[in-house]
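Chain residues, written in single-letter form:
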Amino acid sequence: SDPDRYRMIIFLTDGYIGNEQEIFTAIDMLPEDVRVFALGIGGSVNHFLMHGMARHGHGATTIVEDEARIAEAVEEFRDWVTRPYLTDLSIDWGGLPIHDVYPQVVPDLFAGQNLNLVGRYYGGGSGKVTLTGRLAGQWWEKSFEVTLPGRNESHGSLLSVWARRGIDRLLDGYPSGVPDDVKEQVVELAV
């Protein structure tokens, strides 16, 4: 293991694989410097597993159902794992009233990807948000001035985007057989 590099596991499949929870548990036991990437090809790929592997392994996933796009998708996938990217990211909200951010752990950011987080806030305001991490192993920091609109502003579909992310977090690890207490939380969040 090279302390200046992340180790990578690349998982490729063209079929439906079960035992998701066992796989997620195994990935969670990997050392912190390991990243898991998942590439699925075809129409019978287990999306829950693929996205879960990437999330638990701090990696990324690509699923290609259109066989005409396989070469292009594999090339994009190769770019993710061979070009420098931001790792070990964290956000300082600078005192802004931000709550319930999903995903709760800021994922690594790979070449050509966007960082998408959703959260709630109570009341408007302005402040400086700082994103820190490592770029190709070196310390990196970027600050942004952010203005949150007041409570009277309409947020339209953003509410459902935030709720969907919260539901996904609650259901993570339960591909089937969701416990009753988790079901109640999902219903409460959906309402």
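In short, a report on the structure. Since this is a predicted model, take the numbers as computed values, not measurements.

How each quantity is defined
- Residues numbered from 1 in each chain as written.
- Predicted model: local features only at pLDDT ≥ 70, side-chain atom pairs only at ≥ 80, totals over all residues.
- Heavy atoms only, no water.
- Pairing = 2+ DSSP bridges.
- Helix = DSSP H or I, 4+ residues; strand = E, 2+ residues; numbered from the N terminus.
- Axes fitted to C-alpha atoms, helices over the stretch in contact; angles between N-to-C directions.
- Patch = residues over 30% accessible without salt bridge, like charges linked within 9 Å, V, L, I, M, F, W, Y side chains within 5 Å.
- Areas by Shrake-Rupley, 256 points an atom, 1.4 Å probe, with all protein chains shown as cover.
- Salt bridge = Lys/Arg side-chain N within 4 Å of Asp/Glu carboxyl O.
- Buried < 20%, exposed > 50% of the residue type's maximum accessible area, 1.4 Å probe, protein only.
- Polar contact = N/O pair within 3.5 Å; in protein donor to acceptor, adjacent residues only side chain to side chain.
- Contact = heavy atoms within 4.5 Å.
- Core = buried A, V, L, I, M, F, W, Y, C linked by side-chain atoms within 4.5 Å.

## Quick notes on the sheet that holds strand S4 (residues 86–92)
Stage number 1. Judged by pairing direction, the sheet is antiparallel, and its three strands sit side by side in the order S4-S7-S8 without closing on themselves. In the strand order of this sheet, the two ends are held by S4 and strand S8 (138–148), each with one partner. Going from strand to strand, the sheet's axes swing by 20° on average, the running direction of each strand aside.
Stage number 2. Relative to S8, strand S7 (residues 125–135) runs antiparallel, the two sharing 11 bridges. Across the sheet, residue Ser126 finds its bridge partner in S8, namely Thr147.

## Brief notes about a nonpolar patch on the surface
Stage number 1. Taken together, the side chains of Met8, Ile10 and Leu12 define a hydrophobic patch exposed on the protein surface, amounting to about 270 Å² of accessible area.
Stage number 2. Along the chain, the position of Ile10 falls in strand S1 (residues 7–13).
Stage number 3. Ile10 sits in the partly exposed class, given a relative accessible area of 41%.

## Description of the side chain of Asn46
Stage number 1. Position of Asn46 among the secondary structure elements: in the loop between strand S2 (34–41) and helix H2 (47–56).
Stage number 2. Asn46 gets classed as buried once you look at its relative accessible area, which sits at 3%.
Stage number 3. In this structure the side chain of Asn46 is engaged in a polar contact, spanning 2.6 Å, whose partner is the backbone oxygen of Ile17.
Stage number 4. Looking at Asn46, its side chain comes within polar contact range of the main-chain nitrogen of Phe48, at 3.1 Å.
Stage number 5. What Asn46 contacts, discounting residues up to four positions off in sequence, is Gly15, Tyr16, Ile17 and Glu20.

## Quick look at the sheet that holds S2
Stage number 1. A sheet is described by the order of its strands in space; here three strands give the open sequence S1-S2-S3, paired in parallel fashion. Strand pairing shows two members of the sheet lacking a second neighbour, S1 and strand S3 (61–64), which therefore form its edges. Strand-to-strand twist in this sheet, taken as the mean axis angle between neighbours without regard to direction, amounts to 10°.
Stage number 2. Sitting on the sheet, H2 is in contact with S1, S2 and S3, with an inclination near 155° to S3.

## Section: the nonpolar core
Stage number 1. Judged by nonpolar contacts, Phe37, Leu39, Ala60, Val64, Ala73, Phe77, Trp80, Val81, Tyr85 and Phe110 together constitute the single largest core of 10 residues.
Stage number 2. At the level of elements, S2 and helix H3 (70–82) are the ones that each hand at least two residues to this core.
Stage number 3. In terms of residue count, the dominant contributor to this core is H3 (four residues).
Stage number 4. When sequence neighbours within four positions are dropped, the list of residues in contact with Ala73 reads Thr62 and Val64.

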